[in-house]
Amino acid sequence: MDKIPILRMGSFLLVTIQVDLYDRLALNLENDLVQMVYQTGARGVLIDISAVSIVDSFMGRILGNIASMTRVLDAETVVVGMQPAVAITLIELGLSLKGVHTALDVERGMALLQTQYGLHTQSADDDVDELE
Amino acid sequence: MWMSLSRDKMTITREQDMVPFRNRVKEAAVKIGMGLVNQTKLITAASELFRNMIRYAGKGEVLIEVISKGRESGIRLTFSDQGPGIADIALAMQDGYSTGKSLGLGLPGTKRLVNEFTLQSTLGQGTTITIVKWKNG
């Protein structure tokens, strides 16, 4: 079974979606992420979709669900790296990703979590640098 | 008049066929030089219809064609299934309506993403949906 890896960076979780998703894979990610937020007590989740070429209504709904579910568990979710063509298509499709925070890239997404929500990775800078 | 330049038929039986199916649609779109935004719209529309087919009919077939009309070339996708059919097409084409657990954006959203959209459905016999995305449409 395919699985999307979830990386832990202090009090954040980082997910980089590198493969094209089919529905089961997206549903598993939703489930795994919510479990992981609960288990690790993470306060922020960053989902990097820069390698994703298609976000359809199902995938959009999954992103919305993840944001709502993690919020109930006291964690903020930021979706980063959306390609312009994907953004254009999503809006025309009629999906505005309400309730989902977005940022241009991982760095800005991280900054958003840190400044707006006052959240910090525990061993801050070292971890972040390694992943860049 | 439309001319079909190439035809590629794909049988869809399970959800995991989605990724190879998208790749074949993308291949056809790249072949005619369709720009990235139109490609993305076409593949997104194709994903929505693929999911509907799997969800409501369980399986079906898609015909992927490169077509031309005058100087314009495009991709035509024909989704046909022998599923239960759509009881009220006008209702199914409304934003926010769904008999499944989705957002109900599938059909009306798909129509917005493509240049031509035709839907034929007979209760108990199946549904055929054809979409066309022109290269510069």
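Please read these numbers as outputs of a predicted model, since none were measured by experiment.

Below, the discussion takes up the overall build of chain A. Counting secondary structure elements, chain A contains 5 helices and 5 strands. Secondary structure of chain A in N-to-C order comes out as β-β-α-β-α-β-α-β-α-α. Expected size for 132 residues packed as a compact globule is a radius of gyration near 14 Å; at 14 Å, chain A falls within 12% of this value. Each principal axis of the C-alpha atoms in chain A carries an extent, and together these give about 40 × 30 × 25 Å. For chain A, the proportion of its 132 residues judged to be buried stands at 48%. When contacts within chain A are restricted to residue pairs at least 6 apart in sequence, long-range pairs at least 24 apart make up 73% of them. Surface accessibility of chain A: about 6300 Å² in total, with carbon and sulfur atoms responsible for 51%. Here chain A contributes 8 positively and 18 negatively charged side chains, and the mean placements of these two sets differ by 10 Å.

Moving on to unusual backbone geometry. Residues and elements named next belong to chain A. You will see that aspartate 74, though not glycine, has its phi angle at about 65°, which is positive. Tracing the chain through its elements places aspartate 74 in the loop between helix 2 (57-72) and strand 4 (76-80). A positive phi angle, close to 50°, is found at leucine 97, a residue other than glycine. Along the chain, leucine 97 turns up in the loop between helix 3 (84-93) and strand 5 (101-103).

Okay, the pairing of strand 3 (residues 44-48) of chain A next. All names here are of chain A. The buried fraction of strand 3 is high, at 5 of 5 residues. Side-chain alternation along strand 3 places Gly44, Leu46 and Asp48 on one buried face and Val45 and Ile47 on a second face that is also buried. Bridge count for strand 2 (residues 12-16) against strand 3 is 5 bridges, and the pairing is parallel. Looking at strand 3, one finds that leucine 14 is bridged to leucine 46. Following the chain from strand 2 across helix 1 (residues 23-40) to the adjacent parallel strand 3, one finds a crossover that is right-handed. In terms of strand pairing, strand 3 meets strand 4 through 5 bridges, oriented parallel. The residue of strand 4 that forms the bridge with valine 45 is threonine 77.

Let us look at the nonpolar core. In this structure, Ile17(A), Phe21(B), Ile75(B), Leu77(B), Phe79(B) and Ile131(B) are the most contacted members of the largest nonpolar core, which totals 65 residues. Per element, the largest residue contribution to this core is 8 residues, and it comes from helix 2 (residues 36-57) of chain B. Setting aside residues up to four positions removed in sequence, Ile75(B) forms contacts with Ala28(B), Ala29(B), Ile32(B), Met34(B), Leu42(B), Ile64(B), Glu65(B), Val66(B), Ile131(B), Val132(B) and Lys133(B). Of all hydrophobic cores here, the second largest spans 11 residues; its members include Met9(A), Leu14(A), Leu46(A) and Val80(A).

Calculation rules
- Residues numbered from 1 in each chain as written.
- Chains lettered and ligands numbered in written order.
- Predicted model: local features only at pLDDT ≥ 70, side-chain atom pairs only at ≥ 80, totals over all residues.
- Heavy atoms only, no water.
- Helix = DSSP H or I, 4+ residues; strand = E, 2+ residues; numbered from the N terminus.
- Rg over C-alpha atoms; globule rule 2.2 N^0.38 Å.
- Buried < 20%, exposed > 50% of the residue type's maximum accessible area, 1.4 Å probe, protein only.
- Contact = heavy atoms within 4.5 Å.
- Areas by Shrake-Rupley, 256 points an atom, 1.4 Å probe, with all protein chains shown as cover.
- Lys, Arg positive; Asp, Glu negative; His and termini not counted.
- Charge placed at Lys NZ, Arg CZ, Asp CG, Glu CD.
- Pairing = 2+ DSSP bridges.
- Right-handed = clockwise from strand over helix to strand, strands pointing away.
- Core = buried A, V, L, I, M, F, W, Y, C linked by side-chain atoms within 4.5 Å.

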